[in-house]
Amino acid sequence: MPNVHIPIQAIKGRGISHQQPHRFLRDERQAFDDGWGALDEAAIASGEAPPPATEVTWEDCKSAITKNDSPDVGFTMGLNPYRGCEHGCTYCYARPTHSYLNLSPGLDFETKIIAKRNLAEVLRRELASPRHVPGLLAIGTVTDAYQPVERELRLTRAALEVLAQAKHPLAIVTKGSGVERDIDILAPLAAQGLAAVYVTITSLDGKLARALEPRAAAPHRRLRILRTLADAGIPVGVSVAPQIPFITDDMEQVLEAAWDAGARRAFYTVLRLPWELSPMFRQWLDLHYPDRALRVMARVQEMRGGKDYDADFAQRMRGSGIWADLIRQRFDKTCARLGFNTEREPLDTSQFKPQALRAQQELF
């Protein structure tokens, strides 16, 4: 990693401070100091400039539901209203997807958001199709459906209204407090066994969360989300993902706090560093934890067969080796002690009513 000037304003409020070149570029360019002080002047100028603002670009999507046959994922259908995510989580495995848009997985991923403006319309058409087979629809598994722009754009809420009309089962994974806004839709669905929400809490350490997930809700606020949803009768769970050796070292405390807040389901994954994410995360480690950066990456590689990442379905979510086994034991023992995952029931697919959507389509 070359030595470069990183203006502090670019770090504040953003997870990655630079435009990481993506893997499809023919040429990669790096700034260097030619002895005339050009980099110093640029750094000073950048420090006086405002932080990079978020830009939203509209997209007309051809499909709303994405499908997968990955054996290590507990769902086959997903829905993501946005591409890119303002939360700016440094570890986000979805960052490399921005490369397909000819955008940087670094700063572009968290500042250039693609919004699917016709999502609800396309979703209605797909659910009304005779070919659609109802099953668990996971919302926000790639980018957060309740990132800040959702407050204004309301694409997630529009999709929930369609799903509620069709009585289609769904589960949401989020770090955003905006999910509380949609309790009026989620609570009735939950009462019919059609909805569940998982809140990701990586650590209870507010300082760490601010650096690791700069625009996501604070840890104590996420615990309040769990309590609010649980009090509304919505089944809630906690995701303690990703587990990062020597960084997120309070898994047991997170699970205990989540249990006290009403969560009764839990899952975890270990850190994944596909494609361009690896050099970006390494730079983050060097910046925030220079004293332990080498140890962290050594343990990550130990869980990945000596590499930064291995996409093999058998171990990409949990890793392999002694360190991965230690994390698994800690999680399993804590869940067993607290009582997590003992009340879990599958969401009901028998209530699906596509005819309600077809009738509405005929009106138009």
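Below you will find a few notes about this structure. (Residues numbered from 1 in each chain as written. Predicted model: local features only at pLDDT ≥ 70, side-chain atom pairs only at ≥ 80, totals over all residues. Heavy atoms only, no water.)

Below, the discussion takes up unusual backbone geometry. With omega at -5°, the peptide bond leading from Ala 241 into Pro 242 counts as cis. Inspection of the secondary structure puts Pro 242 in the loop between β9 (236-239) and α10 (251-260). A positive phi angle is found at Asn 102, which is not glycine, with a value near 60°. Judged by its relative accessible area of 55%, Asn 102 is exposed. Phi at Trp 275 takes a positive value of approximately 45°, unusual for a residue other than glycine. Note on placement: Trp 275 falls in the loop between β10 (265-267) and α11 (277-288). (Helix = DSSP H or I, 4+ residues; strand = E, 2+ residues; numbered from the N terminus. Buried < 20%, exposed > 50% of the residue type's maximum accessible area, 1.4 Å probe, protein only.)

Another point: empty space enclosed by the protein. Evaluation of the coordinates by the stated rule reveals 2 cavities of 30 Å³ or more. When its volume is computed, the second largest cavity comes out at roughly 30 Å³. Contributing to the lining of the second largest cavity are Thr 202, Ser 203, Leu 208, Ala 209, Leu 212, Glu 213, Pro 219 and Arg 222. Of all elements in the fold, only α8 (206-212) and α9 (219-231) reach the threshold of two or more residues within the lining of the second largest cavity. (1 Å grid on protein atoms, 1.4 Å probe; cavity = no way out; pocket = protein on both sides within 12 Å on 5 of 7 lines; lining within 4 Å. Points joined across faces, edges and corners; volume = space filled by probe spheres on them.)

With that settled, the discussion passes to the environment of Pro 71. The residue Pro 71 is located in the loop between β2 (65-67) and β3 (77-79) in this model. Since its relative accessible area comes to 64%, Pro 71 is described here as exposed. Sequence-wise, Pro 71 and Phe 313 are 242 residues apart; in three dimensions their C-alpha atoms are separated by 6.9 Å.

This structure, assessed with the given rule, holds 21 salt bridges. We note a salt bridge from Arg 95 to Glu 110, for which the minimum N-O separation is 2.7 Å. One end of the pair, Arg 95, is in the loop between β4 (82-83) and α3 (107-111); the other, Glu 110, is in helix α3, and 15 residues separate them in sequence. The pair Arg 95 / Glu 110 is uniform in exposure class, with both members buried. As a salt-bridge pair, Arg 282 and Asp 308 come within 3.0 Å of each other at their nearest N and O atoms. Residue Arg 282 is located in helix α11, and its partner Asp 308 is located in the loop between α12 (293-303) and α13 (322-338); the two are separated by 26 residues in the primary sequence. (Salt bridge = Lys/Arg side-chain N within 4 Å of Asp/Glu carboxyl O.)

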